[in-house]
Amino acid sequence: MARTDYQSSLEELRDDVLYMSEVVAERLRTGLDALERKDERLARDVIEGDDEVNEMYLELEGECVDLIALQQPVASDLRFIAASFKIITDLERIGDLAVNLGGYTLDAQRDLFPDVDMQRIGRTTLDMLQDAMEAYANEDVEACYAVADRDDEVDAMCEAASELVVRDLIESDRLADDLDDDEEMETLMQDVSRLLLTIRDLERVGDHAVNIAARTLYMAENNDELLY
């Protein structure tokens, strides 16, 4: 492969990774909208769109493997390809977490804990994902650190939300009064479990965004500070 073709292949890989990130971000945004509106159509759109994300992942995995096997890149090019491979793995997992949001929307039985601002958590993690991918696009080192710094904010929001759910469940006489029998109690506990899983999954989206920032920092400066 001529040098110009090789460089074009690297740029194509970057563009393809960025396109995958746009698709995944849209899936996450739709999952959050479905959750907020309790919209079954949006929820099914997210779930049914997972195959597209998985196919993108496999295609990009093949691109990375071919570039390494056929071109034997060294130094910065090898870091770029390796980082891109790791990043598409994080993107695929964020896509799976978006699918989870769709599933929680379909399964939820009732409105609980209106004081839990799930959308605020979701918007923050979505912003982190988009900032991390912009850092990847521009090899922006400062942006990588900024994304990593926001992880503490997300962790704090998720911890506070989980504590609020558990405290209200224990203390609320209103919830106890609403339960007529064991079946009602089981339904309530299933909904509480789904809410806690939603909080956990959004926290994981933030973690994957940090992983993307960490890989980008390593790609740009051979700096593994955020990897551990």
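Since this is a predicted model, take the numbers as computed values, not measurements.

(A) Fine view of the pattern of salt bridges. The tally for this structure, following the rule as stated, stands at 9 salt bridges. A salt bridge links Asp191 to Arg194, with the shortest nitrogen-to-oxygen separation between them at 2.8 Å. Linking Asp191 with Arg194, this pair stays in helix 8 (residues 182-221), spanning 3 residues, or about one helical turn. A relative accessible area of 16% places Arg194 in the buried class. Bridged by salt links that share partners, the residues Glu11, Arg14 and Glu139 form one connected network.

(B) Up close: helix 6 (residues 141-171). For helix 6, spanning 31 residues, the distance from its first C-alpha to its last is 46 Å, which sits close to the expected 45 Å at 1.5 Å a residue. Looking only at helix 6, the buried set comprises Val141, Ala143, Cys144, Val147, Ala148, Asp151, Val154, Met157, Cys158, Ala161, Leu164 and Val165. Of the residues flanking the start of helix 6, the one acting as N-cap is Asp140, its side-chain oxygen 3.2 Å from the backbone nitrogen of Glu142.

(C) Broad picture of the environment of Cys158. Tracing the backbone shows Cys158 in helix 6. Accessibility expressed as a relative area gives 1% for Cys158, which makes it buried. Taking C-alpha positions, Cys158 is 9.2 Å from Leu196, a pair spaced 38 residues apart along the chain.

(D) Representation of the packing of aromatic side chains in the model. Here the structure, examined in full by the defined rule, presents 1 aromatic pair. When the ring of Phe80 is compared with that of Tyr136, the centres are 6.2 Å apart and the planes differ by 15 degrees; the resulting orientation is stacked. Pair noted here: Phe80 is in helix 4 (residues 75-107) and Tyr136 is in helix 5 (residues 118-138), with a separation of 56 residues, a long-range link. Stacked on the ring of Tyr136, the Lys or Arg Arg14 has its end atom at 5.6 Å from the ring centre.

(E) Geometry of the packing of helix 3 (residues 50-71) against helix 4. Relative to each other, helix 3 and helix 4 sit at 170 degrees, their axes nearing to 10 Å. As judged from the angle between their axes, helix 3 and helix 4 are roughly antiparallel. Residues Asp50, Val53, Asn54, Tyr57, Leu60, Glu61, Cys64, Leu67 and Ile68 of helix 3 form the contact with helix 4, whose own contacting residues are Leu78, Ile81, Phe85, Ile88, Thr89, Glu92, Gly95, Asp96 and Val99. A breakdown of the residues in the contact of helix 3 with helix 4 according to their chemical character gives 11 nonpolar, 3 polar and 4 charged.

(F) Expanded view of the packing of helix 5 against helix 6. One can describe the packing of helix 5 onto helix 6 by two numbers: an axis separation of 10 Å at closest approach and a directional angle of 165 degrees. Of the possible angle classes, the one that applies to helix 5 and helix 6 is roughly antiparallel. The way helix 5 lies across helix 6 gives a crossing that is left-handed. On helix 6, the residues that touch Arg120, Ile121, Thr124, Thr125, Asp127, Met128, Asp131, Ala132 and Ala135 of helix 5 are Ala143, Cys144, Val147, Arg150, Asp151, Glu153, Val154, Met157, Cys158 and Ala161. Among the residues forming the contact of helix 5 with helix 6, the class breakdown is 11 nonpolar, 2 polar and 6 charged.

Analysis parameters
- Residues numbered from 1 in each chain as written.
- Predicted model: local features only at pLDDT ≥ 70, side-chain atom pairs only at ≥ 80, totals over all residues.
- Heavy atoms only, no water.
- Salt bridge = Lys/Arg side-chain N within 4 Å of Asp/Glu carboxyl O.
- Helix = DSSP H or I, 4+ residues; strand = E, 2+ residues; numbered from the N terminus.
- Buried < 20%, exposed > 50% of the residue type's maximum accessible area, 1.4 Å probe, protein only.
- Expected span 1.5 Å × (residues − 1).
- Polar contact = N/O pair within 3.5 Å; in protein donor to acceptor, adjacent residues only side chain to side chain.
- Phe/Tyr/Trp six-rings, centres within 6.5 Å; stacked < 30°, edge-to-face > 60°.
- Lys NZ or Arg CZ within 6 Å of the ring centre and 35° of its normal.
- Axes fitted to C-alpha atoms, helices over the stretch in contact; angles between N-to-C directions.
- Parallel < 35°, antiparallel > 145°, perpendicular 65-115°, else oblique.
- Contact = heavy atoms within 4.5 Å.
- Nonpolar A, V, L, I, M, F, W, Y, C, P; charged D, E, K, R; others polar.
- Left-handed = near helix turned anticlockwise from the far one by under 90°.

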